[in-house]
Amino acid sequence: MPLLLDLHPDAYPLTGYRRKQLLEWVFVHGAASYAAMSNLPADLRAELEQTYALNPFTRTETFESSDGSVKYLFTLPDGRQMEAVYMPYLDRKTICVSTMVGCPAKCSFCATGAMGFGRNLTPGEIVGQILAVSWQQGFSPREMRNLVFMGMGEPLLNYDHTIAAARILLHAQALGMSKRRVTLSTVGLAKGIRKLASEDELGLKLAISLHAPDEDTRQQIIPTGQANSIAEIMAAAREYQSVTGRRVTFEYAMLSGVNDHLWQADLLAELLRGLVSHVNLIPMNPWEGSGFAETPEAELQAFYDRLEARGVPVSVRRSRGRDAGAACGQLALKQPAAQISP
């Protein structure tokens, strides 16, 4: 049975007022079932029930962190599982969504990469993460105002489905998100970055997981670096900026003794010269069997200071949800005690 959420809002079944009602039930009220759509005729609800699946997931489990973040484990109809992370702040609600089951990039410091690749998620399975979290948390899906494609998977290797999901997120009759609040994170696929630049009407923010400024180190920790050199990535980033006029963010996981030397900070500053950019330094989040250690605080600060002294806009991004296995690089289906919903 096809999934309703896979459809672009303009292609939803029904017409006129009934179509508007259906869209509001899904994206404004976050209805978990057709039965909840009380102002639709019973025969119409029954027809929809027989024609389109509404919920992409057969099981939802939650894992709460002491900082308020919640990791969601979703089971799909084929039995595969993937995760999303909800991060509430005082002034906004943010979600980190997955685009794949597992990930083929196999970054050596990332628990998701160690899982390997399962399959691509459909647009509805991506968007459904937002609806499911909103329903569980008890607010309208439209209250989720910030989104990052930064969970399991490499979005640019599931390009068509990720972009289709983004079009649903931004559609005025769907979630109506602001394009300034949607970020796509990639491990650095030059061809995909250039293709994303051609989708300029979407206006997505771009984050590149660089993690090392020298080829030897990057290829050691990121296997895809062998097919996408740093020079190619930086050229694609500059092309993206020339086309879109947008700042590019660079993610940099701090790995003790690997990529946290001051000469690497200097090299990173040289790479970014002339590019409107921002660097997020991310303390490595531990997971069993990673083989890496978090950069000590004093050395992280020294790296930060060196970049700042070289004129590079930089911040330290303290990951949330570490105690629930929900922080960057930790998503790997390994769970503490969970709360389960149908």
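Structural data are supplied above this passage.
The rules behind these values
Residues numbered from 1 in each chain as written. Predicted model: local features only at pLDDT ≥ 70, side-chain atom pairs only at ≥ 80, totals over all residues. Heavy atoms only, no water. Disulfide = S-S within 2.5 Å. Helix = DSSP H or I, 4+ residues; strand = E, 2+ residues; numbered from the N terminus. Polar contact = N/O pair within 3.5 Å; in protein donor to acceptor, adjacent residues only side chain to side chain. Contact = heavy atoms within 4.5 Å. Phe/Tyr/Trp six-rings, centres within 6.5 Å; stacked < 30°, edge-to-face > 60°. Buried < 20%, exposed > 50% of the residue type's maximum accessible area, 1.4 Å probe, protein only. Lys NZ or Arg CZ within 6 Å of the ring centre and 35° of its normal. 1 Å grid on protein atoms, 1.4 Å probe; cavity = no way out; pocket = protein on both sides within 12 Å on 5 of 7 lines; lining within 4 Å. Points joined across faces, edges and corners; volume = space filled by probe spheres on them. Nonpolar A, V, L, I, M, F, W, Y, C, P; charged D, E, K, R; others polar. Arc of directions from axis to C-beta. Patch = residues over 30% accessible without salt bridge, like charges linked within 9 Å, V, L, I, M, F, W, Y side chains within 5 Å. Areas by Shrake-Rupley, 256 points an atom, 1.4 Å probe, with all protein chains shown as cover. Salt bridge = Lys/Arg side-chain N within 4 Å of Asp/Glu carboxyl O. Lys, Arg positive; Asp, Glu negative; His and termini not counted. Charge placed at Lys NZ, Arg CZ, Asp CG, Glu CD. Pairing = 2+ DSSP bridges. Right-handed = clockwise from strand over helix to strand, strands pointing away.

1. Structural notes on the state of the cysteines
Evaluated as defined, the whole model comprises zero disulfides. Here C110 stays free of any disulfide, with the sulfur of C107 as its closest cysteine sulfur at 6.2 Å.

2. Looking at the side chain of S98
Inspection of the secondary structure assignment puts S98 in the loop between β4 (93-97) and β5 (100-102). Side-chain polar atoms of S98 contact the backbone oxygen of E83, separated by 2.4 Å. Within the structure, S98 has its side chain in polar contact with the backbone nitrogen of M152 (distance 2.8 Å). With near-sequence residues (within four places) excluded, S98 lies in contact with M82, E83, L121, I126, Q129, G151 and M152.

3. Notes on the packing of aromatic side chains
Aromatic rings in a pair are described by how distant their centres are and how their planes are angled relative to each other. Under the counting rule described, the total for this entry stands at five aromatic pairs. When the ring of F57 is compared with that of F74, the centres are 4.2 Å apart and the planes differ by 20°; the resulting orientation is stacked. A residue pair is termed long-range when its members are at least 10 positions apart, and F57 in the loop between α2 (42-51) and β1 (59-64) and F74 in strand β2 (residues 70-75) qualify at 17 residues. The same class applies to F57 and to F74, which are both buried. Taking the centre distance of 5.9 Å and the plane angle of 20° together, the rings of Y72 and F74 count as stacked. The pair formed by Y72 and F74 is uniform in burial state, with each residue classed as buried. In this structure an aromatic cluster arises from ring pairing among F57, Y72 and F74. Here the guanidinium or amino end of R92 rests over the ring plane of Y89, the centre of that ring lying 4.0 Å away.

4. Considering the layout of surface pockets
Approximately 380 Å³ is the volume attributed to the second largest pocket. Tallying contributions element by element places helix α4 (residues 123-137) first for the lining of the second largest pocket, with five residues. For the lining of the second largest pocket, the residue count by class is 14 nonpolar, six polar and one charged.

5. Considering empty space enclosed by the protein
Taking a probe equal in size to a water molecule and rolling it over the atoms shows the remaining empty space. Evaluation of the coordinates by the stated rule reveals one cavity of 30 Å³ or more. Size it by volume and the largest cavity reaches roughly 40 Å³. Around the largest cavity sit L196, A197, E199, D200, L202, G203, L204, Y240, T244 and R246, which together line it. Elements represented by at least two residues in the lining of the largest cavity include exactly α6 (190-197) and α8 (230-244). Of the residues that constitute the lining of the largest cavity, the class distribution is five nonpolar, two polar and three charged.

6. Things to note about α6
Of the positions making up α6, those classed as buried are A190, G192, I193, L196 and A197. Taken end-on, α6 shows its buried residues confined to a sector of 165°, consistent with a single buried face. Turning to α6, the residues buried within the fold contact α5 (159-170), β8 (182-186), β9 (205-209) and α8.

7. Considerations on a positive patch on the surface
A contiguous patch of positive charge on the surface is contributed by K179, R180, R181, K205 and R247. For R247, a relative accessible area of 43% gives the class partly exposed.

8. Topic: the pairing of β8
Of all five residues in β8, five are buried, a share of seventy percent or more. Covered by surrounding structure in β8 are V182, L184 and T186 together with T183 and S185, the residues of both alternating faces. Bridge analysis of strand β7 (residues 146-149) against β8 gives three bridges, and the strand direction is parallel. Bridging across to β8, F149 finds its partner in L184. Remark: the β7/α5/β8 crossover connection has right-handed handedness. Bridge analysis of β8 against β9 gives four bridges, and the strand direction is parallel. Looking at β9, one finds that T183 is bridged to K205. Regarding topology, α6 serves as the crossover connection from β8 to the parallel β9, and that connection is right-handed.

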